[in-house]
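# A structural walkthrough
Residue strings, one per chain:
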Amino acid sequence: MKTVGIIGCGAMGKGIVKNFLKTGYKVYVYDLNEQALKRVAEKGAIIAHSPKEVAMNVNIVITSLPTPSIVKETLVGKDGIFTYLEKESIVIDMSTVDSETAKGLGQKAEEKNILFFDCPVSGGPSGANDGTLTIMVGGKRGSFPKLDPILKVVGEHIFYLGKNGAGQAAKLCHNMIVASTIVSLGETFMVASRAGLELEQLAEVMRKGSATRVLDVFGENILKGEYDNVLFSLEHMLKDVSLYGETAKTMKVPSFIGSVTQGLFEIAEEKGKGKLDTSAVCEVIGELAGAGIGTSNSTLSVTEK
Ligand SMILES: NC(=O)c1ccc[n+]([C@@H]2O[C@H](COP(=O)([O-])OP(=O)(O)OC[C@H]3O[C@@H](n4cnc5c(N)ncnc54)[C@H](O)[C@@H]3O)[C@@H](O)[C@H]2O)c1
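Here the residue index of a chain counts from 1 through its sequence in written order. Confidence filtering applies because this is a predicted model: local features only for residues at pLDDT of at least 70, side-chain atom pairs given and counted only at 80 or more, and all residues used for totals across whole chains, interfaces and linings. With hydrogens and water stripped out, all remaining heavy atoms of the structure feed into the side-chain values.

What follows covers the site of the ligand. In these notes, residues near a molecule or strand are those with any non-hydrogen atom within 4 Å of it. Of all residues adjacent to the ligand, which total 19 residues, the nearest are Ala 11, Met 12, Asp 31, Leu 65 and Thr 96. Within the backbone of Met 12, one N or O atom sits 2.8 Å away from an oxygen atom of the ligand. For the purposes of these results, a polar contact is taken to be a pair of N or O atoms within 3.5 Å, where, inside protein, one atom must be able to donate a hydrogen and its partner to accept one; residues adjacent in sequence count only when each atom of the pair is a side-chain atom. Within the backbone of Thr 96, one N or O atom sits 3.0 Å away from an oxygen atom of the ligand. With the chains in place, 72% of the 830 Å² that the ligand exposes on its own is no longer accessible. Gly falls in the polar group here, along with every residue not listed as nonpolar (Ala, Val, Leu, Ile, Met, Phe, Trp, Tyr, Cys, Pro) or charged (Asp, Glu, Lys, Arg). Looking at the shell around the ligand, its residues break down into 10 nonpolar, seven polar and two charged. Each accessible area is a Shrake-Rupley result for a 1.4 Å probe, and residues are judged covered by the shown protein chains and nothing else.

As structure tokens, then:
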């Protein structure tokens, strides 16, 4: 019987446990929270009383823990699982942490002849429960075939992205889009609400318009750096963002996202990009960072070439 250990049985971990049980794995679980453990034990998981006990019983461990320091403590701290796992064991960290933590854990794993992958996920508790997570993988490319069938137990879309750290870099960028979009929605819905709009209707307008398809519409230009493919001119977008700013001011709504966005568009126009596509505002970001987006000199280290 295939066996797996799962450390962290919270909102995400409990769904992950459920799917491994459903696929026929024997599942050892550990969590600090008794209730969390009880919940998964009722479904058939075996309770371990420490990370060490998990490691002594399995060759595959999945962690779904809250923070970088908890992940490090669990893997390489005093009595961490790396001390007890057999050589060639596989450790899959599905927590969201930072790239540097993942790289450091990858190095420690290599010293112990353990295979470590950063595999942060997207899809939330429902995706974990339904086994439909999107998984962003960082780790040794050559070992990925060993990992793939394990990830398919909980994942529907699995992306191998590069060396250790690549998965976490992707996840943090992904979540920045989610977070900043939430703030943008909050800000614009506040303005709309003060302007007397029905928010349900506005939401429908946004679903049908380009607002929810920004990547589909402008992504190609950003990825290729082809800003002279003008879908919507930057000068027109600056006009609209400026008018939005005035509207927000009239409605007495603070516009944090709006002001930063307007500032970047103003710089872009100042630099002579007004007649280019709206997406040319990304060139300003590249220039501020000292490299074009996607160019070879923009790479710092995580992607495996
Ligand atoms: N919830 C989401 O929508 C979501 C989506 C994608 C990724 N994530 C990431 O997945 C990870 C887990 O998220 P979650 O929402 O399941 O969090 P959660 O707080 O619901 O679960 C974390 C679990 O870890 C346990 N825990 C804490 N410290 C521990 C330790 N030292 N040893 C063992 N268990 C310990 C907690 O008791 C808890 O049950 C986080 O890194 C989060 O950022 C969450």
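Once the structure has been displayed, the description carries forward.
Two rings belonging to Phe, Tyr or Trp (six-membered ring only in the last case) form a pair when the distance between their centres is within 6.5 Å. Interplanar angles under 30 degrees mark stacking, angles over 60 mark edge-to-face geometry, and anything in between is tilted. Inspection of the entire model under this criterion finds two aromatic pairs. Where Phe 20 meets Tyr 25, the ring centres are 4.9 Å apart and the plane angle is 85°; that geometry is what we call edge-to-face. Summarising the burial analysis for this pair, Phe 20 and Tyr 25 share the class buried. Where Phe 144 meets Tyr 160, the ring centres are 5.4 Å apart and the plane angle is 50°; that geometry is what we call tilted. With Phe 144 in helix α7 (residues 144–151) and Tyr 160 in strand β9 (residues 155–162), this residue pair connects regions lying 16 residues apart in the sequence. Of the two residues examined, Phe 144 and Tyr 160, each falls in the buried class. Buried residues are those whose accessible area, probed at 1.4 Å on protein chains only, stays under 20% of the maximum for their type, while exposed residues exceed 50% and partly exposed ones sit between those limits. By the criteria applied, helices consist of DSSP H or I runs no shorter than four residues and strands consist of E runs no shorter than two, each listed in order from the N terminus.

All of the buried residues along α7 are Phe 144, Leu 147, Asp 148, Ile 150 and Leu 151. Residues count as neighbours in contact if any of their non-hydrogen atoms are within 4.5 Å of one another. Tucked into the core, α7 has its buried residues touching α1 (13–22), β4 (60–63), β5 (90–93), β6 (115–118), β8 (133–138) and β9.

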